[in-house]
Amino acid sequence: MNPTFLQWFDRDEQKSNVWRMALLLVLIGRVAGAQDAAPAAAPTPANPPTPLVTIQADQATARVSPILYGLMTEEINYSYDGGLYGELVNNRSFRPETNNMRHWQLVQPEGAANSMSVVSDQPLNDAQTNSLKLEVAAATESQPVGIANDGFWGIPVRPHTEYHASFYAKAAGGFTGPVTVSLVRDGANAAVFAAAQVSSITADWKKYALTLTTGEAGPSKDNHLLVSVAKPGTIYFTFVSLFPPTFNNRPNGNRPDLMQLLADMKPSFLRFPGGNYLEGRTFANRFNWKNTIHDISRRPGHLNDGWGYWSTDGMGLLEFLEWCEDLHMQPVLAIYAGYSMASGGIEPGPDLDPYVQDGLDEIEYVTGGPDSTWGGQRIADGHPASFALNYVEIGNEDNLGTGPRTYDGRFTQFFKAIKAKYPRLQVIATSPRVTNSVPDLIDEHLYPNTELDMESRAHNFDSRPRTGQKVFVGEWATRVGRPTPTMAAALGDAAWMTGMERNSDLVIISSYAPLLVNVSDLNRGGSMQWPSDLIGYDALGSYGSPSYYAQKIFSNNHGDQILPTTTQDFPTRPYQAAGRRGGGNPPPPRQVPTLFVDATRDSQTKAIYLKVVNSLGAPQEVHFQISGLSGIEPSAKSTVLSAENLDDTNTIDAPKKVVPVATTVTGVGKSFTRAFPPYSITVLQLQGT
Ligand code: AHR
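Residues numbered from 1 in each chain as written. Predicted model: local features only at pLDDT ≥ 70, side-chain atom pairs only at ≥ 80, totals over all residues. Heavy atoms only, no water.

**A word on the overall build of the protein chain**
Okay, step 1: Broken down by element type, the protein chain carries 12 helices and 38 strands.
Okay, step 2: Across its three principal directions, the C-alpha atoms of the protein chain cover 100 × 60 × 55 Å.
Okay, step 3: Classification of the 689 residues of the protein chain by burial places 57% in the buried group.
Okay, step 4: When contacts within the protein chain are restricted to residue pairs at least 6 apart in sequence, those whose partners lie at least 24 apart make up 76%.
Okay, step 5: Of the roughly 27200 Å² that the protein chain leaves accessible, carbon and sulfur atoms contribute 51%.
Okay, step 6: A gap of 3 Å separates the mean positions of the 54 positive and 68 negative side-chain charges of the protein chain. (Helix = DSSP H or I, 4+ residues; strand = E, 2+ residues; numbered from the N terminus. Buried < 20%, exposed > 50% of the residue type's maximum accessible area, 1.4 Å probe, protein only. Contact = heavy atoms within 4.5 Å. Areas by Shrake-Rupley, 256 points an atom, 1.4 Å probe, with all protein chains shown as cover. Lys, Arg positive; Asp, Glu negative; His and termini not counted. Charge placed at Lys NZ, Arg CZ, Asp CG, Glu CD.)

**Examining the site of the ligand**
Okay, step 1: Near the ligand you find Glu-74, Gly-275, Asn-276, Trp-307, Asn-396, Glu-397, Tyr-447, Glu-475, Ala-513, Pro-514 and Trp-530, and these make up its full shell.
Okay, step 2: In the model, an oxygen atom of the ligand is placed 2.8 Å from a nitrogen or oxygen of the Tyr-447 side chain.
Okay, step 3: Relative to its unbound accessible surface of 280 Å², the ligand loses 94% to contact with the protein.
Okay, step 4: Judged by its atoms lying within 2 Å of the grid points, the ligand is housed in the largest pocket.
Okay, step 5: Looking at the shell around the ligand residue by residue, the classes come out as 5 nonpolar, 3 polar and 3 charged. (Near = heavy atom within 4 Å. Polar contact = N/O pair within 3.5 Å; in protein donor to acceptor, adjacent residues only side chain to side chain. 1 Å grid on protein atoms, 1.4 Å probe; cavity = no way out; pocket = protein on both sides within 12 Å on 5 of 7 lines; lining within 4 Å. Sits in = over half its atoms within 2 Å of the grid points. Nonpolar A, V, L, I, M, F, W, Y, C, P; charged D, E, K, R; others polar.)

**Considerations on the packing of helix 11 (residues 487-502) against helix 12 (residues 546-556)**
Helix-helix packing is described using two parameters, namely the angle between the two axes and the distance between the axes.
Okay, step 1: Packing of helix 11 against helix 12 leaves a shortest axis separation of 8 Å and a crossing angle of 25 degrees. By the angle class used here, helix 11 and helix 12 are roughly parallel. With respect to the hand of their crossing, helix 11 and helix 12 are arranged in right-handed fashion. On helix 12, the residues touching Met-487, Ala-489, Ala-490, Asp-493, Ala-494, Met-497, Thr-498 and Glu-501 of helix 11 are Pro-546, Ser-547, Ala-550, Gln-551 and Phe-554.
Okay, step 2: In the contact of helix 11 with helix 12, the residues fall into 8 nonpolar, 3 polar and 2 charged. (Axes fitted to C-alpha atoms, helices over the stretch in contact; angles between N-to-C directions. Parallel < 35°, antiparallel > 145°, perpendicular 65-115°, else oblique. Left-handed = near helix turned anticlockwise from the far one by under 90°.)

**Quick look at the sheet that holds strand 25 (residues 516-518)**
Okay, step 1: Read across the open sheet, the 3 strands follow the order 25-26-27; overall the sheet is mixed. Each edge of the open sheet carries a strand with a single partner, namely strand 25 and strand 27 (542-544). In this sheet, neighbouring strand axes are inclined to one another by 20 degrees on average, regardless of whether the strands run parallel or antiparallel.
Okay, step 2: In this sheet, strand 26 (residues 535-537) lies alongside strand 25 in parallel orientation, the contact comprising 3 bridges. Opposite Asn-518, over in strand 26, you have Tyr-537 as the bridge partner.
Okay, step 3: Packing against the sheet, helix 4 (residues 256-264) makes contact with strand 26 and strand 27, and its axis sits at approximately 15 degrees to strand 27. (Pairing = 2+ DSSP bridges.)

**A few points about the environment of Gly-525**
Okay, step 1: Its location among the elements puts Gly-525 in the loop between strand 25 and strand 26.
Okay, step 2: In this structure the C-alpha to C-alpha distance between Gly-525 and Trp-307, which are 218 residues apart in sequence, comes to 9.5 Å.

**Examining empty space enclosed by the protein**
Okay, step 1: Evaluated as defined, the whole model comprises 6 cavities of 30 Å³ or more.
Okay, step 2: Along the lines of polarity and charge, the residues of the lining of the largest cavity split into 5 nonpolar, 7 polar and 3 charged. (Points joined across faces, edges and corners; volume = space filled by probe spheres on them.)

**Quick look at helix 9 (residues 403-421)**
Okay, step 1: Between the first and last C-alpha of helix 9 there are 26 Å, a value that for 19 residues agrees with the 27 Å anticipated at 1.5 Å per step.
Okay, step 2: For helix 9, the principal kink sits at Gly-409 and spans about 25 degrees.
Okay, step 3: If you check which residues of helix 9 are buried, you get Gly-403, Thr-406, Tyr-407, Asp-408, Arg-410, Phe-411, Thr-412, Gln-413, Phe-414, Phe-415, Ile-418 and Lys-419.
Okay, step 4: Each element contacted by the buried residues of helix 9 is listed here: strand 17 (330-335), strand 18 (339-340), strand 19 (344-345), helix 7 (353-367), strand 20 (391-394) and strand 21 (426-429). (Expected span 1.5 Å × (residues − 1). Bend = angle between axes of the 7 residues up to and from the residue.)

**Considering the nonpolar core**
Okay, step 1: Of all hydrophobic cores here, the largest spans 108 residues; its most connected members are Trp-323, Ile-418 and Ile-681.
Okay, step 2: In terms of residue count, the dominant contributor to this core is helix 11 (8 residues).
Okay, step 3: For Ile-418, the contacting residues outside a window of four places in its chain are Ile-335, Leu-360, Ile-363, Val-392, Ile-394, Pro-423, Leu-425 and Val-427.
Okay, step 4: Counting residues in each nonpolar core, the second largest holds 37 residues, with Phe-94, Val-136, Val-227 and Leu-242 among its members. (Core = buried A, V, L, I, M, F, W, Y, C linked by side-chain atoms within 4.5 Å.)

**Here we look at the domain arrangement of the protein chain**
Okay, step 1: According to the domain assignment, the protein chain consists of domain 1 (3-37), domain 2 (52-64 + 564-578 + 588-687), domain 3 (104-245) and domain 4 (268-430).
Okay, step 2: Between the C-alpha centres of domain 2 and domain 4 the distance comes to 39 Å. (Domains from an automatic or database assignment.)

**Describing the sheet that holds strand 6 (residues 131-136)**
Okay, step 1: Strand order in this open sheet of 5 strands is 5-6-13-8-11, and the pairing throughout is antiparallel. Strands with a single pairing partner mark the edges of an open sheet, and in this sheet they are strand 5 (115-119) and strand 11 (206-213). In this sheet, adjacent strand axes meet at a mean angle of 30 degrees when their direction is disregarded.
Okay, step 2: Relative to strand 13 (residues 233-243), strand 8 (residues 162-172) is paired through 8 bridges, and the arrangement is antiparallel. Residue pairing in the sheet places Tyr-168 in a bridge with Thr-238 of strand 13.

Below, the structure is given as structure tokens:
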């Protein structure tokens, strides 16, 4: 609908003609230069009307879901091992899979004839069957022999820091100790940052623990861990571990900088453990939760064959739950649904029963008390309190591959068993094609490759009927940027988030994916399996992408009520969606707005949160008319994430290039016009009176 001539002039009062002309030129340029040109549009008017947003502050349509913003996580891109999980030793239990022994080197004087080998005839226990046999023919204080581990693309050393080292060892061939553990700089000038010694080693397996304390030097990451001896003999090692300080000082805990970045997002839930990582490519390599509990030395680990590297399972079921506890998130527990990507699905019926029981046991581990088998196991594992669980998800992306053939039956078998024992649990399906039961929510995934594609979907939920199931957007991302998203992606993401927030009576829960990427080696087979991830890091540092900051400002700034908004005269640009894979005509070009808005209100404080996304490289003005309240304070808090170029981004070397800027602005009220900078995401926090 076009505004009347009168409205146009009313709203024109506060306009900047310079900016309006700039916008006009950009729009004309875009239409003229667009590759996906739409059918010839009507000539652009000389004075386009200012886009108008009306908001009814007393007519909340629904409540903003309190769990709209959360986290999705799985072992991908070295997210846990070499990422969030604090362990610094790479391949602590001497697994040869995926060429993993390359992380261990024999360190000895040049030309010496000592040896190291992986053996399986000295198992520590059923889970740790491999050990490293170090055979030392000659070693002295001045010429020690040892094994060195290079960590996950380096070992971070920080000044005045305590590191907790531990290993299991047994001695043979007359060796009785000592064993020295040191943090050493790589290269010829091998400075020792910290060292500690175990004086004697027994002939039976025993765990040894030491504290290494660094001095002034650092921080640096081109370092290694050295475990060495100065006397001849034979020593078997396994489970050689090194932990830096962890978040909340948890033993076997997480990296503080990454935990803080996540905490700053104020996430309300954690969806775990996948993703493809839950299913595994093959059945043997699924996330078998019962192998991820007990003391870490009793976890065998498994090949993460979905993403091609070994998983220690040091981040096991209890650690996921403690991660939730640390960040005040509720768990969204994904249960293995009897389907692995390459091996297909187990037929519903008796063959599936053991996996349904496994899922029930898993829920009991999370929620059960001391009188239950698996609740008792959790208590024995060190966590007396049970965890509150409201959501379980059955499988992952069972609408793909051969999953759909059996999912309806598999889901329904799980659903009935779970509802029978835990009637209050909300059960999420990963495919809409379930007809034999009615899932509480459907998980939908969305990974567009351009920001315009994502923006074209920002209104998808506006007209979705409210009669069906609620939606969990369990994975979404605008995939522009490598290894982490650019400002272009952040704009697509923010446009999409306005749509989710505006419709959060329907979309009650959502999580971006993937969350984490180790950016140390972006080559094939390196630290990254999936380009465009929210948070990047190497051994020492970490950073949030523009998409991270977009999400952070959305999650940190919203009310509890959705306010109805109408928009008018929003400029558009043409978008041509790609045709379907395997042929078929592409859909006709569409016009996509260049502005995206939503409004929410805090029923307690009367604050109104206006979110505005300007996807153009020119400023755009918007006029707001807010009704249904007596007044609005003349100043407001403004938080703006913007960039000069679409491909501006943050990196490990420039982590703060694109970050939100918070200011106090004036000139707001029940009726006001405001210009939004080029390529920007803005939250205006207005105070209603
Ligand atoms: O997020 C990366 C992968 O994308 C997930 O593992 C999978 O669920 C999806 O296909």
